[in-house]
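Take a look at the letters that make up each chain.
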Amino acid sequence: MTSAAPYASTSLADLLPALRYADPHLLAARLEDVRLPLGWWHATPLMEIEHVIGAEALSHQVAQALRSLWPHVEIGDVIPVLRLLDTPGVEPGKTVAQVAREAGPGVVDGDRALASAFGSILDRLHQRGVPREASEGTRVRDAVSVIARWLPADAPAEVRAALAVLQGLEEDVEDGPSPVSVAEPVEDQAAGEQPQAVELPVLRAAFDDHGPAAEVEEPHVGDDAPTPPPGPGLMAEPLAALTRMVGGWDERALVIAGQRMFTDEPAKLQDLGERFCVSRERVRQLERAVADSLTQWMVADEDGRAFAGHLAAVAERLGTVGQVAEVHALHPDHARPVEAMGVPLGDVVARLLPGGTLVGTWIVQGDAAALRAVMQEDLLAACGDTPLAWDEAVALGSRYGVRGEVLADWAADLGRFQVRDGRLLYWGRSLNDRAAAVLALHGKPMSMEDIHEQLADGTAINSMRNQIWTDERFLRVDRNLYGLRAWGGEEYLGIREMIAREIANAGGEAEVNAIAEALSARFDVSAASVRTNLGGPGFARTRRGWVRVADQPGEQDAPYVPRNDVAGTRRCFVGADGRWWYRVELTVDHLRGSGFPVPAGWAAHIGGAPHREPVPLGHEAGETSLTWRAQPTVGSVKPLLEHIGATVGDQVFFNVTDGHLNALRLPAPADGLSPEGGAARLTGWTAAVTPAEAVEVIARRIGMEAGQEGAALLERLAERGDKDIAELLERALSGAVPAF
């Protein structure tokens with residue numbers, strides 16, 4: 001059929017030249033449609049595209065492509081024809097992102113503005129709204145278009161149904177009526193293996209998505225008639241109506257409907273073609289004919305119009321989002337099969353809802369991707385740091401038309417949101433995020449065991465400890481209590497460190513009883529334990545019952561001072577909680593139960609000294625000790641290594657706090673770890689880092705101040721003897737690629 005429009009052969013690439021040079025895979029991800037030919041944007045006339053998916057859907061697809069592919073390019077460069085048009089709200093000198101951003105705060109508003117700009121080009125291109133001499137077919141088409149744009153949302157159902165009939169016939173008006181039947185389908189240009197999305201354009205026109213669907217008046221029900229349907233708008237017997245309709249279909253139409261159009265696992269075109277001894281293209285044509293047949297039925301037949309009203313009532317009940325299971329529960333008929341097709345009526349209804357898109361088990365009105373993006377952003381902003389009260393979450397969801405009954409499941413599907421104790425919280429991607437969420441929900445510090453119990457995700461408690469100890473968001477407030485640093489409070493550093501802080505706060509000298517009472521009152525330590533530590537290395541008596549921190553060589557009870565303190569000792573690293581850890585790479589000897597030497601700086605830090613009594617070290621699987629004769633040595637830790645599941649090649653980090661030996665296991669890394677990642681990992685840092693971030697992390701973990709240059713850090717690592725870390729870091733900073 002020849003069009004009267006002067007630019008009937010114009011393709012999308014003629015208006016957006018950038019399409020000719022863009023990555024085909026990126027274009028396909030944004031523009032492909034199962035109803036359209038492959039690569040339609042290169043040569044298929046836009047008028048044909050509009051006939052298949054409509055101008056509005058076309059404009060929206062183009063808007064999404066513009067925003068995702070060319071956000072920082074001037075819109076006049078992407079769409080040169082805009083420089084010749086006076087488009088309201090769109091200045092050719094602005095970038096695509098600016099046009100979208102100035103339209104409103106959300107993705108939906110930005111897409112709408114870009115779609116409107118492109119839609120105005122289509123209107124000018126096809127002379128919509130411009131008086132002209134035209135053929136009879138063009139005049140009918142223009143008249144229908146004008147009526148559709150101006151028809152109010154509350155127009156009677158009969159008027160809207162009449163308009164739908166005109167829209168369905170406008171393509172064939174020049175050649176006379178050509179009703180579509182299942183036996184003789186029209187040509188269909190759709191490509192690809194997936195079944196067509198049965199959006200039924202005529203049906204969508206009959207149910208304007210800007211207002212509630214018109215209720216369908218049910219016929220009078222007599223005494224012996226079935227029970228009236230639940231709620232307004234629902235048919236009494238929708239299954240019977242549809243069964244009567246499909247009774248006129250042949251076997252091929254029924255198989256295509258049941259095994260391809262209305263099922264979660266659609267049959268392939270090739271398989272159906274072989275079954276019917278026809279081509280794949282012929283199966284596609286038959287599929288389109290089935291959709292057309294349903295459309296005509298719901299517009300022109302009394303049963304069909306009642307069924308269309310039934311669909312509209314179901315869509316109104318679901319709102320913006322709903323689940324297929326809800327559709328099945330809305331009416332007794334929905335759970336029953338359409339015998340001829342072999343699928344439940346609810347599956348058919350779910351796929352025919354006006355304006356709906358099936359996404360997994362969800363039915364979403366409008367642009368599902370845009371709705372997910374904007375709601376995820378708003379929910380994260382509302383409950384990212386503090387759990388959101390459920391009534392506030394319901395109010396937020398209602399702004400998008402999401403009902404409270406499905407909000408919890410919808411939020412979980414959006415991405416790791418959970419409802420706990422009547423509040424919505426962000427159940428993050430990492431273990432640290434989830435632990436922070438548990439603390440935020442609890443509202444006060446918790447023990448490691450309690451946090452681990454609340455996570456209930458199978459994570460080993462030792463792994464959780466490692467993550468929490470190295471994350472700045474957490475604050476240790478007692479021997480085994482952890483809160484969020486944002487809450488504030490005094491940080492617990494261990495008995496000896498807390499004693500030293502107490503003495504410093506008292507002016508350098510304090511009474512033993514006062515220290516014991518103060519610390520035992522604030523923390524979960526006994527006064528006797530405090531007095532025992534005051535009598536050990538590191539503290540000196542000044543007068544009866546008073547102590548200070550020992551700092552003079554040769555002073556009684558003064559600790560041994562090694563040549564390098566713990567900050568200058570190789571393989572020693574400080575965690576976020578201020579505790580120093582010593583790294584050991586496990587060998588067969590460790591797992592056999594042999595003792596192993598440790599650096600003097602770390603040994604002195606945990607209370608050891610040459611030729612003094614061994615330092616007892618208890619741990620979760622027993623006990624061992626640190627002895628210092630010729631060199632400091634830790635006894636067998638085999639039971640502890642077995643307890644944490646360590647194997648040969650693992651890096652294990654040891655720490656001593658209040659006489660308790662802690663061990664954290666870091667498995668050997670996967671292949672392909674970057675040099676900067678490997679260097680940071682040797683300090684206990686497991687997250688991905690850039691070379692600059694690696695410098696910051698490593699410097700902080702060896703006790704250096706923030707803002708270090710790479711050269712200064714490398715020099716300090718060499719002084720400490722951390723040759724393995726220095727080599728990896730130097731390679732990362734120089735950008736050298738190792739030869740294999």
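Up top is the structure.
Every residue gets a number counted from 1 within its own chain, in the order that chain's sequence is written. Local features in this predicted model are restricted to residues of pLDDT 70 or higher, and side-chain atom pairs are both shown and tallied only at a pLDDT of 80 or more, whereas totals for entire chains, interfaces and linings draw on every residue. Heavy atoms from the whole structure form the basis of all side-chain values; hydrogens and water molecules are not counted.

**Description of the environment of A350**
Helical segments are the DSSP runs of H or I of at least four residues, strand segments are the runs of E of at least two, and each set is numbered from the N terminus. The topology assignment puts A350 in helix 18 (residues 345–352). In the structure, A350 is positioned 88 residues away from F262 in sequence and 8.7 Å away in space, judged by C-alpha atoms. Only heavy atoms matter for contacts: two residues are in contact if any of them lie within 4.5 Å across the pair. Excluding anything up to four places from it in sequence, A350 contacts V324, V327 and I363.

**Concerning empty space enclosed by the protein**
As defined here, a cavity is a set of points on a 1 Å grid over the protein atoms alone where a 1.4 Å probe fits but cannot get out. A pocket is an open set with protein on both sides within 12 Å along at least five of seven lines, and residues line them when an atom is within 4 Å of a point. Grid points are joined across faces, edges and corners, and a volume is the space filled by probe spheres set on the points. One pass over the structure, following the stated rule, counts 4 cavities of 30 Å³ or more. As for the second largest cavity, its lining consists of N462, R465, W469, E620, L640, I644, H660, L661, N662, A663 and L664. For the lining of the second largest cavity, the secondary structure elements donating two or more residues are helix 24 (461–469) and strand 21 (660–666). Here the element with the most residues in the lining of the second largest cavity is strand 21; it accounts for 5 residues.

**Section: the nonpolar core**
The definition of a nonpolar core used throughout is a set of buried Ala, Val, Leu, Ile, Met, Phe, Trp, Tyr and Cys residues joined through side-chain atoms within 4.5 Å. Note on classification: 1.4 Å probe, protein chains only; a residue is buried when its accessible area is under 20% of the maximum for its type, exposed when over 50%, partly exposed between these limits. Counting residues in each nonpolar core, the largest one holds 46 residues, and the members touching the most others are L242, W249, F262, L294, F307 and M341. Elements represented by at least two residues in this core include exactly helix 12 (238–246), helix 13 (251–261), helix 14 (269–276), helix 15 (280–300), helix 16 (302–318), helix 17 (324–330) and helix 18. Per-element accounting of this core gives the leading share, 8 residues, to helix 16. Counting residues in each nonpolar core, the second largest holds 39 residues, with W427, F573, I698 and I725 among its members.

**Notes on the sheet that holds strand 12 (residues 539–543)**
Strand pairing in a sheet is mediated by backbone hydrogen bonds. Such pairs are either parallel or antiparallel. The criterion for strand pairing is that DSSP finds at least two bridges linking the strands in question. Ordered by their spatial adjacency, 3 strands build an open sheet running 11-13-12, and the pairing between neighbours is antiparallel. Sheet topology places strand 11 (510–511) and strand 12 at the edges, where each strand pairs with a single neighbour. Across 2 bridges, the pairing between strand 11 and strand 13 (residues 546–549) is antiparallel. Of the residues in strand 13, the one forming a bridge with A510 is V547.

**A few points about the packing of aromatic side chains**
Each Phe, Tyr or Trp ring, with Trp reduced to its six-membered ring, pairs with another whose centre is within 6.5 Å; inter-plane angles below 30 degrees give stacked pairs, above 60 give edge-to-face pairs, and intermediate values give tilted ones. Enumeration over the complete set of coordinates arrives at 7 aromatic pairs. Judged by centre distance (5.8 Å) and plane angle (80 degrees), the ring pair of W40 and W41 falls under edge-to-face. We count a charge as sitting over a ring when the NZ of a lysine or the CZ of an arginine lies within 6 Å of the ring centre and within 35 degrees of the ring normal. Above the plane of the ring of W410 lies R372, whose end atom (NZ or CZ) is 5.7 Å from the centre.

**Let's talk about the packing of helix 33 (residues 710–720) against helix 34 (residues 723–734)**
Two elements in contact, helix 33 and helix 34, have axes separated by 9 Å at closest approach and are oriented at 160 degrees. Taken together, helix 33 and helix 34 sit at an angle that is classed as roughly antiparallel. For the pair helix 33 and helix 34, the crossing hand works out as left-handed. Contacts between helix 33 and helix 34 involve G710, L713, L714 and L717 from the first element and I725, A726, L729, E730 and L733 from the second. Inter-axis angles, ranging from 0 to 180 degrees, are taken between N-to-C directions of lines fitted to C-alpha atoms, where helices are fitted over the stretch in contact. Working rule for angles: under 35 degrees goes down as roughly parallel, over 145 as roughly antiparallel, 65 to 115 as roughly perpendicular, anything else as oblique. Each crossing is labelled by how the near helix is turned from the far one, with a counterclockwise turn of less than a right angle marking it left-handed and a clockwise turn marking it right-handed.

**Observations concerning the pattern of salt bridges**
Criterion for a salt bridge: a side-chain nitrogen of Lys or Arg within 4 Å of a carboxyl oxygen of Asp or Glu. Under the defined criterion, the tally for this structure stands at 23 salt bridges. The partner of R592 in a salt bridge is D589, and the shortest N-O contact between them spans 3.8 Å. With R592 and D589 both in helix 28 (residues 588–592), this residue pair falls 3 residues apart, about one helical turn. Here the salt bridges do not stand alone but share partners, grouping E490, R501, E502 and R522 into one network.

**Let's talk about the environment of E642**
By the element assignment, E642 lies in helix 30 (residues 638–643). E642 sits 51 residues away from L591 along the chain, and the two C-alpha atoms are 7.9 Å apart.

**Section: unusual backbone geometry**
Positive phi outside glycine occurs at C277, with the angle close to 60 degrees. With respect to the secondary-structure elements, C277 resides in the loop between helix 14 and helix 15.

**Re helix 18**
Among the 8 residues that make up helix 18, 8 are buried, leaving the element largely enclosed by the rest of the structure. Every buried residue of helix 18 is accounted for by L345, G346, D347, V348, V349, A350, R351 and L352.

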